[in-house]
Amino acid sequence: MYRFLLTRQWVILTLIALALIPTMIRLGFWQQHRYEERSARNQLVSDALAAKPVPVERLTSPGHVVTRAEKYHGVTATGTFDTEHEVVVRRRVSADDQVGFHVLTPFVLTDGKVLLVNRGWIPANGVQTAFPKIPAPPSGRTTVTGRLMADETTTASGIKDVRGLPARQIMLINSEQEARRLGAQVLGGYIQQTAPEPKGDTPEQISDPGKEDAPLNYAYMIQWWLFAAGVPVGWFVLVRREARERAKAASEEAAAQAEPAAV
């Protein structure tokens, strides 16, 4: 009754089913890993944003690599903005996806070290090869607050560090590169300024990072495992249907052969 399982068609179908089951199980575990990874990241970001701001030099120093646990942590710093060496970061988008620049202003601390401050986004307002008009930051001795961020790299961001850009324009915010440009001791990483708020709401300060969609990975995990469980069920249903159809055909053939020949 089930000899058809040895046919070429059914052998291939069975092998495909056997290959799909472990593949789907592995995909489910991969989605589980992504869910746990994203959930852990979301928790780190939430904890960092909720933490009380601390003096920036408690978390970073010249040459320091900002860790995942330090990223987004609130920090404060006191010093003066150095607008003479201000640069803009190309191809950055606003909250409503308009392309423009981020304004990166060196902030000279009271001990002479430099903190890179991303003051926010401004529109290009014309050709992007021209240095844009930027609202001035507070003058004199100022205390700023912001979220600590890690240095940007091409590997982490996917942004190519293009050379030969127009004057005072950069592609990536990187403290080592800025230390060479400024000839100063620059604290590792940079901050996204959150206070004081700019006059006229420009530059447009960068909003808090959104949460990664971890529940979506959880749903995919369940989906893949349901698919893995459904493969043998589907295979069994197909086998039973094939067996019934073959049995019915054999019965009809036997009945036809048993009928007396017409005179």
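This is a predicted model, so every value here is computed, not measured. (Residues numbered from 1 in each chain as written. Predicted model: local features only at pLDDT ≥ 70, side-chain atom pairs only at ≥ 80, totals over all residues. Heavy atoms only, no water.)

K.L.:
What should I look at first to understand the overall build of the protein in this one?
P.N.:
Secondary structure summary: the protein contains four helices and eight strands in total. The linear arrangement of helices and strands in the protein, starting from the amino end, is α-β-β-β-β-β-β-α-β-α-β-α. Computed over the C-alpha atoms, the radius of gyration of the protein is 32 Å, more than 25% above the 18 Å expected from 2.2 N^0.38 for a compact globule of 263 residues. A sequence separation of at least 24 residues applies to 70% of the contacts in the protein between residues at least 6 apart. Carbon and sulfur atoms form 57% of the exposed surface of the protein, whose accessible area is close to 15,800 Å². Taking the average place of the 30 positive charges on the side chains of the protein and the average place of its 27 negative ones, the gap between the two points comes to 3 Å. (Helix = DSSP H or I, 4+ residues; strand = E, 2+ residues; numbered from the N terminus. Rg over C-alpha atoms; globule rule 2.2 N^0.38 Å. Contact = heavy atoms within 4.5 Å. Areas by Shrake-Rupley, 256 points an atom, 1.4 Å probe, with all protein chains shown as cover. Lys, Arg positive; Asp, Glu negative; His and termini not counted. Charge placed at Lys NZ, Arg CZ, Asp CG, Glu CD.)

K.L.:
Looking at this structure, how should I read the pairing of strand β4 (residues 99–109)?
P.N.:
Successive residues of a regular strand alternate their side chains across the two faces of the sheet. β4 sits mainly inside the fold: nine of its eleven residues count as buried. Bridge analysis of strand β2 (residues 74–81) against β4 gives three bridges, and the strand direction is antiparallel. Within the sheet, the bridge partner assigned to Gly-79 lies in β4 and is Leu-109. Relative to β4, strand β3 (residues 87–93) runs antiparallel, the two sharing five bridges. If you follow Val-93 over to β4, its bridge partner there is Val-99. Counting the residues in the hairpin turn of β3 and β4 gives five residues, including Asp-97, whose phi is positive at 65 degrees. Bridging between β4 and strand β5 (residues 114–123) involves nine bridges; their strand directions are antiparallel. Its bridge partner being in β5, Phe-107 is matched across the sheet by Leu-115. Where β4 folds back on β5, the antiparallel hairpin that results is connected by four residues, among which Gly-112 adopts a positive phi of roughly 95 degrees. (Buried < 20%, exposed > 50% of the residue type's maximum accessible area, 1.4 Å probe, protein only. Pairing = 2+ DSSP bridges.)

K.L.:
Help me understand the side chain of Arg-119 in this model?
P.N.:
Positionally, Arg-119 belongs in strand β5. Arg-119 has contacts with Phe-81, Glu-86, Val-103, Thr-105, Ile-134, Pro-135, Ala-136, Pro-137, Gln-193, Pro-203 and Gln-205, leaving out every residue within four places of it along the chain.

K.L.:
Even after reading the chapter, I still don't get the environment of Asp-151, so can you show me in this structure?
P.N.:
By secondary structure assignment, the location of Asp-151 is in the loop between β6 (142–149) and α2 (154–157). Along the sequence, Asp-151 and Tyr-190 sit 39 residues apart, while their C-alpha atoms lie 6.8 Å from each other. With sequence-adjacent residues up to four places away left out, Asp-151 is seen in contact with Ile-173, Asn-174, Ser-175, Gly-188 and Gly-189. In terms of polar contacts, Asp-151 uses its side chain to reach the side chain of Ser-175, at 2.7 Å. A distance of 3.2 Å separates a polar atom in the side chain of Asp-151 from the backbone nitrogen of Gly-189. (Polar contact = N/O pair within 3.5 Å; in protein donor to acceptor, adjacent residues only side chain to side chain.)

K.L.:
Help me understand unusual backbone geometry, please; the structure alone is not making it clear to me.
P.N.:
The phi angle of most residues is negative, glycine excepted, and most peptide bonds adopt the trans form. Here the amide bond leading from Ala-195 into Pro-196 is cis, since omega sits at -5 degrees, within 30 degrees of zero. With an omega of 0 degrees, the peptide bond between Thr-202 and Pro-203 qualifies as cis. Looking at the secondary structure, you find Pro-203 in the loop between β8 (190–195) and α4 (214–258). Its identity is not glycine, yet Arg-168 carries a phi of approximately 65 degrees, on the positive side. Among the secondary structure elements, Arg-168 is positioned in the loop between α2 and β7 (169–170). Residue classification places Arg-168 among the partly exposed positions, given a relative accessible area of 36%. Of note, Asp-201 is a non-glycine position whose phi angle comes to about 60 degrees, a positive value.

K.L.:
Just to check I follow, could you spell out the nonpolar core for this structure?
P.N.:
One broad rule of soluble globular proteins: the nonpolar side chains tend to lie buried together. In terms of nonpolar packing, the biggest core is built from 15 residues, with Val-56, Val-75, Ala-77, Phe-107, Leu-109, Leu-115 and Ile-191 touching the most fellow members. Sorting the residues of this core by element identifies β2, β4, β5 and β6 as the ones contributing at least two each. With three residues, β2 is the single largest residue contributor to this core. Ignoring any residue separated from it by four or fewer positions in sequence, one finds Ala-77 in contact with Val-56, Phe-107, Leu-109, Leu-115, Thr-142, Thr-143 and Val-144. In this structure, Ala-48, Val-89, Leu-104 and Leu-116 belong to the second largest nonpolar core, which totals 14 residues. (Core = buried A, V, L, I, M, F, W, Y, C linked by side-chain atoms within 4.5 Å.)

So, to be careful, I would describe these as geometric facts and stop short of saying anything about function.
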